[in-house]
Amino acid sequence: MLQIRRSEERGAAHHGWLDSRHTFSFAHYQDPEHSGFGPLLVINEDRVAPGQGFGAHSHRDMEILSYVLDGALAHKDSMGNGSVLHYGDVQRMSAGNGVRHSEFNASNEAPLHFLQIWIEPNVTGIAPGYEEKHFPPEAKAGRLRLIASNDGRDGSVLVHQDAYVYAAIVDEGERLEHRLAPHRLAYVHLVRGSLSVNGQALKEGDGLKINGERGVVFDQAEAAELLLFDLPH
């Protein structure tokens, strides 16, 4: 099964300081046909005005990833962490038994563009945790670079779920392939550019649900950057 999630069909929230697009049901946007995919519950593409952001708020029992596309993301949380992330940085926060955090545009001049991703954990009530890693463009060029996993291998951030997240930058003439183990799902989110995934043409902001396939093939790319989620059924 291959099901395209077109960029323009995603949910939308416009708050003046925030322009957000929701791949799956989130907050006031509810779509029973797009209420997560396996343990992948949220992919929000957020554009935040200079000096604005999400004030301190709470979460429990959720793995939250931030993938910065442009600008500077300022993070603070109740665990005492505070940092500013830029393109290439990946942040993982395990909400566990409870955490408060804020996410702001660190610049008073330039906009912030990032993805916020929620993955449902396979354990609950754990102590909250935080981690961030940098993955420069050359680490993702022409290859699927593991950026999040259930064991933190290859320098990836650790998520409490049997899930693997890869990032790649694919240019014209390149072809990548990812094999899927039996009974695994895959989801592709195209961050930039255009490419073909298992014969399906995607453009910036599109996604693709993949179920019952033996693998995922990326080709016919034009300046493409993508995230691939390898997920339990």
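Now for a look at the structure at hand.

Each value, and the rule that gives it
- Residues numbered from 1 in each chain as written.
- Predicted model: local features only at pLDDT ≥ 70, side-chain atom pairs only at ≥ 80, totals over all residues.
- Heavy atoms only, no water.
- Helix = DSSP H or I, 4+ residues; strand = E, 2+ residues; numbered from the N terminus.
- Rg over C-alpha atoms; globule rule 2.2 N^0.38 Å.
- Buried < 20%, exposed > 50% of the residue type's maximum accessible area, 1.4 Å probe, protein only.
- Contact = heavy atoms within 4.5 Å.
- Polar contact = N/O pair within 3.5 Å; in protein donor to acceptor, adjacent residues only side chain to side chain.
- Pairing = 2+ DSSP bridges.
- 1 Å grid on protein atoms, 1.4 Å probe; cavity = no way out; pocket = protein on both sides within 12 Å on 5 of 7 lines; lining within 4 Å.
- Points joined across faces, edges and corners; volume = space filled by probe spheres on them.
- Nonpolar A, V, L, I, M, F, W, Y, C, P; charged D, E, K, R; others polar.
- Axes fitted to C-alpha atoms, helices over the stretch in contact; angles between N-to-C directions.
- Phe/Tyr/Trp six-rings, centres within 6.5 Å; stacked < 30°, edge-to-face > 60°.
- Salt bridge = Lys/Arg side-chain N within 4 Å of Asp/Glu carboxyl O.

Details of the overall build of the protein chain
Okay, so step 1: Along the protein chain, the regular secondary structure elements total 1 helix and 20 strands.
Okay, so step 2: A compact globule built from 233 residues should have a C-alpha radius of gyration of about 17 Å, and the protein chain, at 17 Å, falls within 12% of that.
Okay, so step 3: Along the three orthogonal principal directions, the C-alpha set of the protein chain runs to about 45 × 40 × 35 Å.
Okay, so step 4: Within the protein chain, buried positions represent 53% of all 233 residues.

A look at the environment of His 57
Okay, so step 1: Position of His 57 among the secondary structure elements: in strand E5 (residues 53-59).
Okay, so step 2: In this structure His 57 comes out as partly exposed when scored by relative accessible area, which is 27%.
Okay, so step 3: Note: C-alpha distance between His 57 and His 101 (44 residues apart in sequence) is 5.7 Å.
Okay, so step 4: Not counting the four nearest positions on each side in its chain, His 57 is found in contact with Val 99, Arg 100 and His 101.
Okay, so step 5: Of note is the side chain of His 57, whose polar atom sits 2.7 Å from the backbone oxygen of Gly 55.
Okay, so step 6: Of the polar contacts made by the side chain of His 57, one reaches the side chain of His 59; its length is 3.2 Å.

Topic: the pairing of strand E15 (residues 164-170)
Okay, so step 1: Burial of E15 is extensive: 7 of the 7 residues sit out of reach of the surface.
Okay, so step 2: Neither face of E15 is exposed, since Tyr 164, Tyr 166, Ala 168 and Val 170 on one face and Val 165, Ala 167 and Ile 169 on the opposite face are all buried.
Okay, so step 3: As defined by bridge partners, strand E13 (residues 145-149) adjoins E15 across 3 bridges and the pair is classed as antiparallel. By the bridge assignment for E15, Leu 146 is matched with Tyr 166.

What to know about empty space enclosed by the protein
Okay, so step 1: The full count for this structure, using the stated rule, is 1 cavity of 30 Å³ or more.
Okay, so step 2: Taken as a whole, the largest cavity spans an internal volume of roughly 30 Å³.
Okay, so step 3: Along its surface, the largest cavity is lined by Leu 65, Ser 66, Tyr 67, Val 90, Ile 117, Ile 147, Val 165 and Leu 227.
Okay, so step 4: Looking at the lining of the largest cavity, the element that brings in the most residues is strand E6 (residues 63-70), giving 3 residues.
Okay, so step 5: Its residues assigned to classes, the lining of the largest cavity comprises 7 nonpolar, 1 polar and no charged.

Quick notes on the sheet that holds strand E7 (residues 73-77)
Okay, so step 1: Reading across the sheet, the 4 strands line up as E5-E10-E7-E8 and stay open at both edges, with antiparallel pairing between neighbours. Edge strands, defined here as strands with exactly one partner in the open sheet, are E5 and strand E8 (82-85). The mean angle between the axes of side-by-side strands here comes to 15°, regardless of whether they run parallel or antiparallel.
Okay, so step 2: As judged from the 5 bridges shared by E7 and strand E10 (residues 99-105), these two strands associate in the antiparallel manner. Looking at the pairing, Ala 74 lines up with Phe 104 of E10.

Regarding the layout of surface pockets
Okay, so step 1: A volume near 310 Å³ is recorded for the largest pocket.
Okay, so step 2: In terms of lining, the largest pocket is formed by 18 residues, of which the most central are Leu 18, His 22, Phe 26, Ala 27 and Phe 54.
Okay, so step 3: For the lining of the largest pocket, the elements supplying multiple residues, two or more each, are strand E2 (11-14), strand E3 (18-22), strand E4 (40-48), E5 and strand E11 (112-119).
Okay, so step 4: Tallied by class, residues from the lining of the largest pocket come to 8 nonpolar, 9 polar and 1 charged.

Here we look at the packing of aromatic side chains
Okay, so step 1: Per the counting criterion, the structure on display carries 4 aromatic pairs.
Okay, so step 2: With 5.4 Å between their ring centres and 75° between their planes, Phe 26 and Trp 118 make a pair best called edge-to-face. Here Trp 118 lies in strand E11 and Phe 26 lies in the loop between E3 and E4, a separation of 92 residues in the sequence.
Okay, so step 3: Under the relative-accessibility criterion, Phe 26 is labelled partly exposed at 21%.
Okay, so step 4: Overall, the relative accessible area of 15% leaves Trp 118 in the buried class.
Okay, so step 5: Ring-pair connections join several aromatic residues into one group, and the members of that group are Phe 24, Phe 37 and Tyr 187.

A look at the pattern of salt bridges
Okay, so step 1: Within this structure, the stated rule accounts for 15 salt bridges.
Okay, so step 2: Put simply, Glu 225 and Lys 140 hold a salt bridge, and the shortest N to O gap is 3.6 Å. Here Glu 225 is found in strand E20 (residues 215-232), whereas its partner Lys 140 is found in helix H1 (residues 137-140), with 85 residues between them in sequence. The exposure classification of Glu 225 matches that of Lys 140, with both residues buried.
Okay, so step 3: Connected through salt bridges with shared partners, the residues Arg 6, Glu 8, Lys 203 and Asp 206 form a single ionic network.

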